[in-house]
Amino acid sequence: MNHPKPQEWKSEELSQGRIMDYKAFNMVDGEGVRCSLYVSGCLFHCEGCYNVATWNFRAGMPYTKELEEQIMTDLAQPYVQGLTLLGGEPFLNTGILLPLVKRVRQELPDKDIWSWTGYTWEELMLETKDKLELLSYLDILVDGRFDRTKKNLMLQFRGSSNQRIIDVPASLSQKQVIIWDRLQEGK
């Protein structure tokens, strides 16, 4: 597993503008029916990662305007709750994700946006402007590297107990991590 220094990994240097997959209308990548975009490229290389195929920045296919139009059409369906960004590492693909999330906020403001990341919240607070901008458009962030020694299949929306489901707007406004208030564990 890799641990970057603050601002060491830069999206503009690493991202190849590629995705591994797009899955419309799924119910596993967050709350409700979602459209999930799996970006290509991750440097964390967590041991036991369930999505090793996404580590290579050149894997998959190019992100295209046609795909973005399909995502927006799918998201507009009334039964879709929102968009999920995962991969790979979304925060190392800000060049393709920032225009998409800005468009979602402008055209479909009732949809929520979730993202998974290997970065912890605390690490993101020390990161580049583009990463902080992407964070500012999110509703929910599942943070932290997968740790196979803390693996727990009973956890809601995450694989290891060190990962947190963070309410991003509340955390940004209160300048501290606020855990999602719909967490169902232990109830």
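Residues numbered from 1 in each chain as written. Predicted model: local features only at pLDDT ≥ 70, side-chain atom pairs only at ≥ 80, totals over all residues. Heavy atoms only, no water.

In the nomenclature of an unreviewed UniProt entry, the protein chain is known as Anaerobic ribonucleoside-triphosphate reductase-activating protein of Streptococcus ovuberis. Per UniProt, the protein chain carries the Function (unreviewed entry) text "Activation of anaerobic ribonucleoside-triphosphate reductase under anaerobic conditions by generation of an organic free radical, using S-adenosylmethionine and reduced flavodoxin as cosubstrates to produce 5'-deoxy-adenosine." Word for word, the UniProt comment on the protein chain under Cofactor (unreviewed entry) is "[4Fe-4S] cluster". (UniProt positions renumbered as here; feature names shortened; annotations may be inferred.)

A. Representation of the overall build of the protein chain in the model. What the protein chain contains, in helices and strands, is six helices and seven strands. Moving toward the C terminus, one meets the helices and strands of the protein chain in the order α-β-β-β-α-β-α-β-α-α-β-β-α. By the compact-globule yardstick of 16 Å for 187 residues, the protein chain fits well, its C-alpha radius of gyration being 15 Å. The principal-axis extents of the C-alpha atoms in the protein chain amount to approximately 40 × 40 × 30 Å. Sorting the 187 residues of the protein chain into buried and exposed places 50% on the buried side. Entry remark: accessible area of the protein chain is about 9100 Å², with carbon and sulfur atoms responsible for 53%. Within the protein chain, the 26 negative side-chain charges are centred at a point lying 2 Å from the centre of the 22 positive side-chain charges. (Helix = DSSP H or I, 4+ residues; strand = E, 2+ residues; numbered from the N terminus. Rg over C-alpha atoms; globule rule 2.2 N^0.38 Å. Buried < 20%, exposed > 50% of the residue type's maximum accessible area, 1.4 Å probe, protein only. Areas by Shrake-Rupley, 256 points an atom, 1.4 Å probe, with all protein chains shown as cover. Lys, Arg positive; Asp, Glu negative; His and termini not counted. Charge placed at Lys NZ, Arg CZ, Asp CG, Glu CD.)

B. Local environment of the nonpolar core. Membership of the largest hydrophobic core comes to 39 residues, with the highest contact counts inside it found for Leu 37, Ile 71, Leu 85 and Leu 141. Put simply, the parts of the chain that give this core at least two residues each are β1 (18-26), β2 (33-39), α2 (65-75), β4 (80-87), α3 (94-107), α4 (121-124) and α5 (129-136). Per-element tally for this core: the top contributor is α3, with six residues. Judged by nonpolar contacts, the second largest core, of eight residues, contains Tyr 38, Leu 86, Trp 114 and Trp 180. (Core = buried A, V, L, I, M, F, W, Y, C linked by side-chain atoms within 4.5 Å.)

C. Summary view of the packing of aromatic side chains. Evaluated as defined, the whole model comprises eight aromatic pairs. Judged by centre distance (4.9 Å) and plane angle (70°), the ring pair of Trp 9 and Phe 44 falls under edge-to-face. Within this pair, whereas Trp 9 is found in the segment before α1 (11-14), its partner Phe 44 is found in the loop between β2 and β3 (61-62), the two being separated by 35 residues in sequence. In terms of burial, Trp 9 and Phe 44 fall into one category: buried. (Phe/Tyr/Trp six-rings, centres within 6.5 Å; stacked < 30°, edge-to-face > 60°.)

D. Quick peek at the side chain of Asp 130. Checked against the element boundaries, Asp 130 lands in helix α5. The side chain of Asp 130 is buried and forms no salt bridge, while Lys 131, the nearest opposite charge, is found at 5.1 Å. Of note is the side chain of Asp 130, whose polar atom sits 2.5 Å from the side chain of Thr 128. Among all residues touching Asp 130, those that are not within four sequence positions of it are Ser 11, Glu 12, Thr 94 and Leu 98. (Salt bridge = Lys/Arg side-chain N within 4 Å of Asp/Glu carboxyl O. Polar contact = N/O pair within 3.5 Å; in protein donor to acceptor, adjacent residues only side chain to side chain. Contact = heavy atoms within 4.5 Å.)

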